[in-house]
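# What the coordinates show
One-letter residues, chain by chain:
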Amino acid sequence: MRQNPSFAMTDVGELRRLIDLNPWVTLVSHTEAGLVASHYAVLLDEDRDDLTIVGHVGRPDDMIHGLGERELLVVVQGPHGYISPGWYPEGPNVPTWNFVSAHLTGIPELLTADENLEVLDRLVARFEGGMPQPRLLWEPPNDPEYVTKLERGTVGFRLTPTRVVAKRKLSQNRPDDVVETIIAELEVGAGAYADPRLAGEMRRDLDTRQAAR
């Protein structure tokens, strides 16, 4: 991802928020057979306050990626969407795409079976937490034999990135009144491109920039 100083995202707290709210990521490895990509959910390592993440892959994806042996690129994709030139003032304009994204690169550490079970337990608890009757990993009808067998089919990892490239492109190069118009269109627009999540990110960014002036 090409970086632009005007859109660079460097605050660790904001990056942690991005990962926490967008845990479904893309894992990319460069292997002898070429590029390989997979898609999995990750979590922030609860014992760290940096950008370390934990997750797992299903076997044999660990072998396909060479997990733990080479660099892994983790692509975190936040809210994104189309911005119409019709939302700008009169004059020559072209469409664009606003987005928030981060690339985390490093060599992952493989987890022990017990560590992997803890991560799997956390993953289930995280996403089942919003259900009316959560089905947690260790609760019946699951039994220890079933859970242990499940763990053996996965490989857990922890990745502390050695390189981070993150970008928040949210019309920061436009006047505040134009940004307000774009936010309004994304919030309640009648067209196909309304996106409250992207509008919320733009509002958060605009409010932060205005408060810093």
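We now turn to the structure provided with this report. Model, not experiment: these values are computed from the prediction.

## Focus: the overall build of the chain
- Of regular secondary structure, the chain possesses six helices and eight strands.
- Each helix and strand of the chain, placed in order from N terminus to C terminus, yields the pattern α-β-β-β-α-β-β-β-α-α-β-β-α-α.
- Taken along its principal axes, the extent of the C-alpha atoms in the chain is 65 × 45 × 30 Å.
- Within the chain, contacts between residues separated by at least 24 positions form 71% of all contacts whose residues are at least 6 apart in sequence.
- For the chain, the accessible area works out to roughly 11,800 Å², and carbon and sulfur atoms hold 54% of it.
- The distance from the centre of the 22 positive side-chain charges to the centre of the 33 negative ones in the chain is 5 Å.

## Things to note about the pattern of salt bridges
- Using the criterion set out here, one finds 14 salt bridges in the structure.
- Arg204 is the salt-bridge partner of Glu14, the closest N and O atoms lying 2.6 Å from each other. A residue pair is termed long-range when its members are at least 10 positions apart, and Glu14 in helix H1 (residues 12-21) and Arg204 in helix H6 (residues 196-211) qualify at 190 residues.
- When its relative accessible area of 34% is taken as the criterion, Arg204 is described as partly exposed.
- Linking Asp62 and Arg59 is a salt bridge whose minimum nitrogen-to-oxygen distance equals 3.6 Å.
- Residues joined in a network through salt bridges with shared partners are Glu14, Arg168 and Arg204.

## Looking at the side chain of Arg168
- Here Arg168 shows up in strand E8 (residues 163-169).
- Excluding anything up to four places from it in sequence, Arg168 contacts Phe7, Met9, Glu14, Phe99, Val100 and Asp205.

## Some points on H1
- Inspection of H1 places Glu14, Leu15, Leu18 and Ile19 among the buried residues, and these make up the whole buried set. End-on view of H1: buried residues confined to an arc of 140 degrees, all on one side of the axis.
- As for H1, its buried residues are in contact with strand E2 (34-44), strand E3 (53-58), strand E4 (72-83), strand E5 (96-106), E8 and H6.
- Where H1 begins, the capping side chain belongs to Asp11, and its oxygen is found 3.0 Å from the backbone nitrogen of Gly13.

## Considering the pairing of strand E1 (residues 24-31)
- Burial of E1 is one-sided: the residues Val25, Leu27, Ser29 and Thr31 facing one way are buried, the residues Trp24, Thr26, Val28 and His30 facing the other way are not.
- Bridge analysis of E1 against E2 gives eight bridges, and the strand direction is antiparallel. Within the sheet, the bridge partner assigned to Ser29 lies in E2 and is Val36.
- Where E1 folds back onto E2 in an antiparallel hairpin, the turn is made up of two residues.

## A look at the sheet that holds strand E7 (residues 154-159)
- Judged by pairing direction, the sheet is antiparallel, and its eight strands sit side by side in the order E6-E7-E3-E2-E1-E4-E5-E8 without closing on themselves. Edge positions in the sheet fall to strand E6 (109-110) and E8, since each has one partner strand and no second.
- One ladder, built from two bridges, connects E6 with E7; its direction is antiparallel. Of the residues in E7, the one forming a bridge with Glu109 is Arg158.
- Across the face of the sheet, H1 comes into contact with E2, E3, E4, E5 and E8 while running at roughly 100 degrees to E5.

## Brief notes about a negative patch on the surface
- A surface patch of like charges, here negative, comprises Asp47, Asp114, Glu118 and Asp121.
- Positionally, Asp114 belongs in helix H3 (residues 113-128).

## Quick word on the pairing of E5
- With nine of eleven residues buried, E5 lies mostly within the body of the structure.
- Relative to E5, E4 runs antiparallel, the two sharing ten bridges. When the sheet's bridge partners are listed, Ile83 is paired in E5 with Thr96.

The rules behind the values
Residues numbered from 1 in each chain as written. Predicted model: local features only at pLDDT ≥ 70, side-chain atom pairs only at ≥ 80, totals over all residues. Heavy atoms only, no water. Helix = DSSP H or I, 4+ residues; strand = E, 2+ residues; numbered from the N terminus. Contact = heavy atoms within 4.5 Å. Areas by Shrake-Rupley, 256 points an atom, 1.4 Å probe, with all protein chains shown as cover. Lys, Arg positive; Asp, Glu negative; His and termini not counted. Charge placed at Lys NZ, Arg CZ, Asp CG, Glu CD. Salt bridge = Lys/Arg side-chain N within 4 Å of Asp/Glu carboxyl O. Buried < 20%, exposed > 50% of the residue type's maximum accessible area, 1.4 Å probe, protein only. Arc of directions from axis to C-beta. Polar contact = N/O pair within 3.5 Å; in protein donor to acceptor, adjacent residues only side chain to side chain. Pairing = 2+ DSSP bridges. Axes fitted to C-alpha atoms, helices over the stretch in contact; angles between N-to-C directions. Patch = residues over 30% accessible without salt bridge, like charges linked within 9 Å, V, L, I, M, F, W, Y side chains within 5 Å.

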